[in-house]
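Below are the chains, spelled out letter by letter.
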There are 2 protein chains.
Amino acid sequence: MSHSIPRSLVKNLDLFRAVPDKDLDTVLSIARPMRLNAGDPVFQQGQPATQFFVLLHGHLKVVQTTAEGEQVVVRYVIPGEVFGIAKAMQRPAYPASCLAVEESVVLGWPSAEWDRFMTSNLQFAANALQAVGQRLHDAHARIKELSTEEVEQRVARCLLRLIDSSGEKTDDGIAINFPITRQDIAEMTGTTLHTVSRLLSAWKEQGMVLTGRKRVTVRKVDDLIRLAEGAGACSSKPAARKKPVEPA
Amino acid sequence: MSHSIPRSLVKNLDLFRAVPDKDLDTVLSIARPMRLNAGDPVFQQGQPATQFFVLLHGHLKVVQTTAEGEQVVVRYVIPGEVFGIAKAMQRPAYPASCLAVEESVVLGWPSAEWDRFMTSNLQFAANALQAVGQRLHDAHARIKELSTEEVEQRVARCLLRLIDSSGEKTDDGIAINFPITRQDIAEMTGTTLHTVSRLLSAWKEQGMVLTGRKRVTVRKVDDLIRLAEGAGACSSKPAARKKPVEPA
DNA sequence: CGTCCCGTTGATCCCTATCAAATGTAGTGG
DNA sequence: CCACTACATTTGATAGGGATCAACGGGACG
């Protein structure tokens, strides 16, 4: 193996789950590793989708920029996940930009290899379908939230999801594993950095979170869950019922 | 063939594109056709995903219900599309409900058959991946809109998308092909039926649309596009720039 | 021909974006 | 080691887009 990428690195990735070792070796022989510093782009929105990737270490941010120049954070990529598979879905170009939010390591393959992987191993196709299915599910959950919930709930849920996927137990609580700004959280929840700042300030006041520059730590997960479920300031929200409650 | 479903019915579906005839015959022999009247459910949110389907004729609505009882329209299914493929993404239950909005005909297969189709024909797997990829793309577009655009733009875009997928040329303009209420449009765009009603009234006033009970016809597509692009009431929106424009 | 459902429209309120400005914090180069 | 700078964060004041509340009008269907 010219690249000396240990097979174990890839063996545990969801995308390659249950793929036989001999196929893995082929996969690895073509893989091109890449190191990234914080802020480095992996690819840019609109570029031809020449490669697809797996994140080995670090954290990436996937961002869509609107015609008006506003940004929306599509998702954060965590180690082990595939990304940049636009070509696999027959899209010629990346629909979003992807950049490292901290030092990261990715593995890349030419998009053309995707079809080879699919044909040579059926399990690979099923794994890919599941991965995309999961993302579709997440996207629908987000649409539901943006459509029906208030900002406080959405931000609470956002933090919960972040500590769920990238939480790190510390002395003070569960910290988000990577640098993230108020602006980032705003772009994930469809609000403004000002509103996020106000919410975090209020929550810090109550001891629910600890905050620092580009850092958030959750101290009281249960309280945050309660907020996400809708136990916010609106004390009299009758929880959308079809028929009015009839007093006996 | 016990069911006498003509092969031509399935041959042109995206999901079965480029699938050889002999495989198609197998597919057809297992297919179970189903007729639906307006309002009939195909499956309900939370039910075990025992089948997946293709819509042959009519229109279906996919709806998610929140814990608070509010509804979000995930999408409308148009003839030729697959739906209910939760199991293919390894989800045990349907994440949303699906019901006919008019007389419709669907073809259903047991979920277990999915894997057989995948294994027996690679093209099928690729087609499925592309279909889900397209939906993911649509979902992201919607998230972007909900996050950054105002109600007027979102509703305008919604109508445009509807006439694009289900528009029918009439003497008066392009009509949406199936019955749809203000409430439905509201649930697609994250607003209320009142706001949608007001917008449609205003647009009718200007001759941009024609409206009827459960019917919408677009007369001036270009004007609607202009609205969707952001040419709304906000005359002074500085289009989110990083640096202020410097006069020479 | 009555009843349900869909649609329309006015009045009011409030959540949250927007505007404005100060404070704090990491990094940098002298 | 400190001044300087760029960026992140905080916080107050204000305004406005839409949700909400309330009522009525109208077409379809049994």
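Residues numbered from 1 in each chain as written. Chains lettered and ligands numbered in written order. Predicted model: local features only at pLDDT ≥ 70, side-chain atom pairs only at ≥ 80, totals over all residues. Heavy atoms only, no water.

### Focus: the domain arrangement of chain A
All names here are of chain A.
And step 1. When its domains are assigned, chain A resolves into domain 1 (7-146) and domain 2 (149-229).
And step 2. For domain 1 and domain 2, the distance between their C-alpha centroids amounts to 26 Å.
And step 3. Between domain 1 and domain 2, the contact holds 13 residues from the first and 16 residues from the second.
And step 4. Roughly 1300 Å² of surface becomes buried between domain 1 and domain 2 when both sides are summed, with 53% attributable to carbon and sulfur atoms.
And step 5. Along the contact surface separating domain 1 from domain 2 lie three salt bridges.
And step 6. The shortest N-O distance in the salt bridge between Asp184 and Lys61 comes to 2.7 Å.
And step 7. Taken together, the connections running from domain 1 to domain 2 amount to six residue pairs in polar contact (both at pLDDT 80 or more).
And step 8. Looking at the side of domain 1 that touches domain 2, the elements that each hand over two or more residues are strand 5 (71-77) and helix 4 (122-148).
And step 9. Looking at the side of domain 1 that touches domain 2 residue by residue, the class counts come to six nonpolar, two polar and five charged. (Domains from an automatic or database assignment. Contact = heavy atoms within 4.5 Å. Buried area = accessible area lost by both parts, 1.4 Å probe. Salt bridge = Lys/Arg side-chain N within 4 Å of Asp/Glu carboxyl O. Polar contact = N/O pair within 3.5 Å; in protein donor to acceptor, adjacent residues only side chain to side chain. Helix = DSSP H or I, 4+ residues; strand = E, 2+ residues; numbered from the N terminus. Nonpolar A, V, L, I, M, F, W, Y, C, P; charged D, E, K, R; others polar.)

### A closer look at the protein's contact with DNA strand C
And step 1. Taken together, 19 residues lie near DNA strand C, and Thr191(A), Thr195(A), Arg182(B), Ser197(B) and Ser201(B) sit nearest.
And step 2. When atoms of DNA strand C within 4 Å of the protein are sorted by moiety, sugar and phosphate together comprise 62%.
And step 3. Measuring from a base nitrogen of DNA strand C, one finds a side-chain N or O atom of His194(A) at 3.5 Å.
And step 4. Separating a phosphate oxygen of DNA strand C from a side-chain N or O atom of Thr195(A) is a distance of 2.6 Å.
And step 5. Of all elements in the fold, only helix 7 (193-205) of chain A together with helix 7 (193-205) of chain B reach the threshold of two or more residues within the surface near DNA strand C.
And step 6. Ranked by residue count, the leading element in the surface near DNA strand C is helix 7 of chain B, at five residues.
And step 7. Here the residues of the surface near DNA strand C are counted per class, giving one nonpolar, 10 polar and eight charged. (Near = heavy atom within 4 Å.)

### Brief notes about the relation of the copies chain B and chain A
Each copy of the chain is related to the other by a rotation around an axis and a translation along that axis.
And step 1. In the superposition of chain B on chain A (RMSD 0.0 Å, axial shift 0.0 Å), the rotation amounts to 180°. With respect to symmetry, the two chain copies, as superposed, fit the operation of a two-fold axis.
And step 2. Comparing contact sets, 100% of the residues at the interface of chain B also lie at the interface in chain A, consistent with an isologous, same-surface contact. (Least-squares fit on C-alpha atoms with pLDDT ≥ 70 in both.)

### Digging into helix 2 (residues 21-30) of chain B
Residues and elements named next belong to chain B.
And step 1. Of the residues making up helix 2, those classed as buried are Asp23, Leu24, Val27 and Leu28. One face of helix 2 carries all of its buried residues, which in axial projection span an arc of 140°.
And step 2. Along its buried surface, helix 2 packs onto helix 1 (7-11), strand 8 (104-110) and helix 3 (112-120). (Buried < 20%, exposed > 50% of the residue type's maximum accessible area, 1.4 Å probe, protein only. Arc of directions from axis to C-beta.)

### Some words on the protein's contact with DNA strand D
And step 1. In the vicinity of DNA strand D, 21 residues are found, and the nearest of them are Arg182(A), Ser197(A), Lys214(A), Thr191(B) and Thr195(B).
And step 2. Near the protein, meaning within 4 Å, the atoms of DNA strand D are sugar or phosphate in a fraction of 62%, with bases accounting for the rest.
And step 3. In this structure, a phosphate oxygen belonging to DNA strand D sits 3.0 Å away from a main-chain N or O atom of Val151(B).
And step 4. One of the side-chain N or O atoms of Arg198(B) is found 3.1 Å from a base oxygen in DNA strand D.
And step 5. A per-element tally of the surface near DNA strand D places helix 7 of chain A first, with six residues.
And step 6. Partitioning the surface near DNA strand D into residue classes produces two nonpolar, 11 polar and eight charged.

### Some remarks on the sheet that holds strand 3 (residues 51-57) of chain B
By definition, the strands of a sheet pair up through backbone hydrogen bonds, in either a parallel or an antiparallel sense.
Residue and element names in this part refer to chain B.
And step 1. Taken in spatial order, the four strands make up an open sheet running 1-8-3-6, and their pairing is antiparallel. Two strands lie at the open edges of the sheet, namely strand 1 (32-36) and strand 6 (82-83), each paired on one side alone.
And step 2. Summarising the sheet, strand 1 and strand 8 pair through five bridges and their orientation is antiparallel. Looking at strand 8, one finds that Arg32 is bridged to Gly108. (Pairing = 2+ DSSP bridges.)

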